[in-house]
Amino acid sequence: MKTIKALLLAVIVTTSFSAFAQKSVKIGHINSNELLAAMPERDGVQKEIEDYAAQLTTTMDAMRKEYETKVADFQSKQDVMTDIIRDNKIKEITDLEKRITEFQKTAQADLQKKEEKLLQPIIDKAKQAIDDVAKENNYTYILDSSLGVVLYSVDSDDILPLVKKKLGIQ
């Protein structure tokens, strides 16, 4: 009984390998970072991200300036302040420090969300073009060489020129 199971398993494995060997595998690769950098929409998105980052930086600079002014004012007048006023000024400065810290965290997260939101349509367009080129040219696999996931490969077709052509990029 065990011999029959082993023989049956060997036949199935052999059949699977021979079926796999008969199927033609065509592998291509693309540097997706290079593709995204070549897409004309990328420049507009990059400009919009930079403008948004500049707005956040301007707000942050204003908050820091306000903080520095309050600290300098406090230090210059603390000797003549009553305890209540000194405590209020310290609380005011501490609250401003907390607001600045919170703004930094929020600004970073907002900038990242905005970048993802603006880049996603470009990424989707590139992905669709890669899929179309792969189907049109009968590729079995497309590897992304920009991610460094290819440890070894024989020569394969770089489909970047085909995808650029599909997108109308020179």
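See the structure above.
Quantities reported herein were computed from a predicted structural model and do not represent experimental measurements.

So, how was this worked out
- Residues numbered from 1 in each chain as written.
- Predicted model: local features only at pLDDT ≥ 70, side-chain atom pairs only at ≥ 80, totals over all residues.
- Heavy atoms only, no water.
- Helix = DSSP H or I, 4+ residues; strand = E, 2+ residues; numbered from the N terminus.
- Buried < 20%, exposed > 50% of the residue type's maximum accessible area, 1.4 Å probe, protein only.
- Contact = heavy atoms within 4.5 Å.
- Polar contact = N/O pair within 3.5 Å; in protein donor to acceptor, adjacent residues only side chain to side chain.

Q: What's the story with the overall build of the chain in this structure? I'm lost.
A: A count of helices and strands for the chain gives five helices and three strands. In sequence order, the chain lays out its α and β elements as α-β-α-α-α-β-β-α. Among the 170 residues that make up the chain, the fraction classed as buried is 21%. Across the chain, the fraction of contacts at a sequence separation of at least 24, relative to all contacts at a separation of at least 6, is 86%.

Q: Looking at this structure, I do not really get the side chain of S32. What am I missing?
A: Following the sequence through the fold, S32 ends up in helix α2 (residues 32-38). Classification of S32 as buried rests on a relative accessible area of 17%. Reaching out from S32, the side chain makes a polar contact with the side chain of S146 at a distance of 3.1 Å. Each residue touching S32, except ones within four places of it in the same chain, is listed here: D144 and S146.

Keep in mind these numbers describe shape, not what the thing actually does.
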